[in-house]
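Spelled out, the chains give:
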Amino acid sequence: MSASTTSQPRNADASTKSASADGRSSRCNSNRIINTLNIFGYLFNLATAYLGGVAGWFGGVSNQELSDKYQTLITPAAIYFGYIWGLIFLFQGFFAAAQILPRFRDHPLVQRGIGYWYFMTCLAQSAWTICFGYEMFITAFVAMVALLLTLLTILNLQWRSIDQEERKKKSDRFLVANNAISLDDDDFTASFPSLAYWLLRFPFAIHAGWIAIATPLMLSVLLVSKIIDTQIELWVAVISVAMLFGMCMGLLLRQDSGAPSYVFPAVVAYGCAGIMWELSAPNDAILGRHEDSSINLMKNVAGFSAIAIGVTIVSRFIALVLRDQICKKKERDYDEDGVGYIDADEV
């Protein structure tokens, strides 16, 4: 065998290793770009929200003043806005800081489950803040829809990422009874949230839940600004709350991996409670445009939705805790009888 023939496999191995190293370097650079954009996006969104929503830099008035000016049937009480936005920005600040740490910066939920979508979320929300401040309500509504879509995309990608990892582990072993397999020690399925859940998933679930309330609210503001027939405003409000109620029931009652999802429905229930609270003592703008029957209808729809979602959350949680306890007891009974895990090598 000639020397040139012997060197060919070595050259092939060297080129393979070089290509692999280049691939890892490229992925690492891409990950760092995502991490950097997440930080920049959060800071830009925070500054825009404060300058526009609180200080009134865009248009000369704050969001609260505009909300009072264009009061709708599904505008929650003002205090509800303050609490929820404070929570959203607080936890997204935790996320922005955590995702640059070595433990989380290359995590699948950051790179595959969020990617560039959080940066687009920040851009969409900043665009909404500016357009809303200048009372460009059509453009603001488009920005709000884009914001909702980016957040729902993040939630969907994170669920898919978790499901993929679980399928990989389930392919390696068979389980008896009802034993749950999580992503790893850091993850965060809906049953037993860890630190990583609160840092990487909770901020987007709570944000998406509130924007799901804010999107039909923005549409109602647009209708009020155009002086549309109040009956149209009423039915848009009723149908929107009914659709959100159905979505929340689906998230709470589904049986998929990692289900149910509690945070999104809880935020929707919170928003509905804020609507009911506001309509319990409506301001002059609402009283001047709507009859008492319309106000009471919307108040009752919002109140029913808030209570029903809250009761479902509590009852579903209790039912799953009891189920887990029963499954653990069965597992202990199996172990005592000499029945346990069935490994693939034993089949």
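Residues numbered from 1 in each chain as written. Predicted model: local features only at pLDDT ≥ 70, side-chain atom pairs only at ≥ 80, totals over all residues. Heavy atoms only, no water.

What to know about the overall build of the chain
In step 1: Within the chain one finds 12 helices and 2 strands.
In step 2: The order of helices and strands in the chain, counted from the N terminus, is α-α-α-α-α-α-β-α-α-α-α-α-α-β.
In step 3: The buried share of the chain, reckoned over its 347 residues, is 46%.
In step 4: In the chain, of all internal contacts separated by at least 6 residues, the share reaching a separation of at least 24 is 80%.
In step 5: Accessible area of the chain: about 17,900 Å², with a carbon and sulfur share of 64%. (Helix = DSSP H or I, 4+ residues; strand = E, 2+ residues; numbered from the N terminus. Buried < 20%, exposed > 50% of the residue type's maximum accessible area, 1.4 Å probe, protein only. Contact = heavy atoms within 4.5 Å. Areas by Shrake-Rupley, 256 points an atom, 1.4 Å probe, with all protein chains shown as cover.)

Comments concerning unusual backbone geometry
In step 1: In this structure, E135 takes a positive phi of about 60 degrees despite not being glycine.
In step 2: Position of E135 among the secondary structure elements: in the loop between α5 (117–133) and α6 (137–170).
In step 3: Since its relative accessible area comes to 31%, E135 is described here as partly exposed.
In step 4: One non-glycine residue, I227, lies in the positive phi region at around 55 degrees.
In step 5: Structurally, I227 is set in the loop between α8 (202–225) and α9 (230–253).

Some points on the packing of aromatic side chains
In step 1: Taken as a whole and judged by the stated rule, the model has 19 aromatic pairs.
In step 2: A centroid spacing of 5.6 Å and a plane angle of 80 degrees characterise the contact between F91 and F94, whose relative ring orientation is edge-to-face. Here F91 and its partner F94 are both found in helix α3 (residues 78–98), 3 residues apart, which amounts to about one turn of the helix.
In step 3: The partly exposed category is assigned to F94, whose relative accessible area is 40%.
In step 4: Relative to F137, the ring of F132 has its centre 5.6 Å away and its plane inclined at 50 degrees; by these criteria the two rings are tilted. (Phe/Tyr/Trp six-rings, centres within 6.5 Å; stacked < 30°, edge-to-face > 60°.)

Brief notes about the environment of G113
In step 1: Along the polypeptide, G113 turns up in the loop between α4 (108–111) and α5.
In step 2: Between the C-alpha atom of G113 and that of R160, which follows or precedes it by 47 residues, the distance is 7.8 Å.
In step 3: Non-local contacts of G113, meaning those with residues more than four positions away in its chain, are made with P108, I154, L157 and Q158.

With respect to the packing of α5 against α8
In step 1: Their axes nearest at 14 Å, the elements α5 and α8 cross at an angle of 30 degrees. Judged on the interaxial angle alone, α8 and α5 are roughly parallel. You can see that α5 and α8 cross each other, and the crossing is left-handed. For the pair α5 and α8, contact is made by Y118, T121, Q125, W128 and F132 and by F204, H207, M218 and V221, respectively.
In step 2: Here the contact of α5 with α8 is built from residues that sort into 6 nonpolar, 3 polar and no charged. (Axes fitted to C-alpha atoms, helices over the stretch in contact; angles between N-to-C directions. Parallel < 35°, antiparallel > 145°, perpendicular 65-115°, else oblique. Left-handed = near helix turned anticlockwise from the far one by under 90°. Nonpolar A, V, L, I, M, F, W, Y, C, P; charged D, E, K, R; others polar.)

Some points on the side chain of T312
In step 1: Inspection of the secondary structure puts T312 in helix α12 (residues 292–336).
In step 2: Residue T312 is classed as buried on the basis of its relative accessible area, which comes to 15%.

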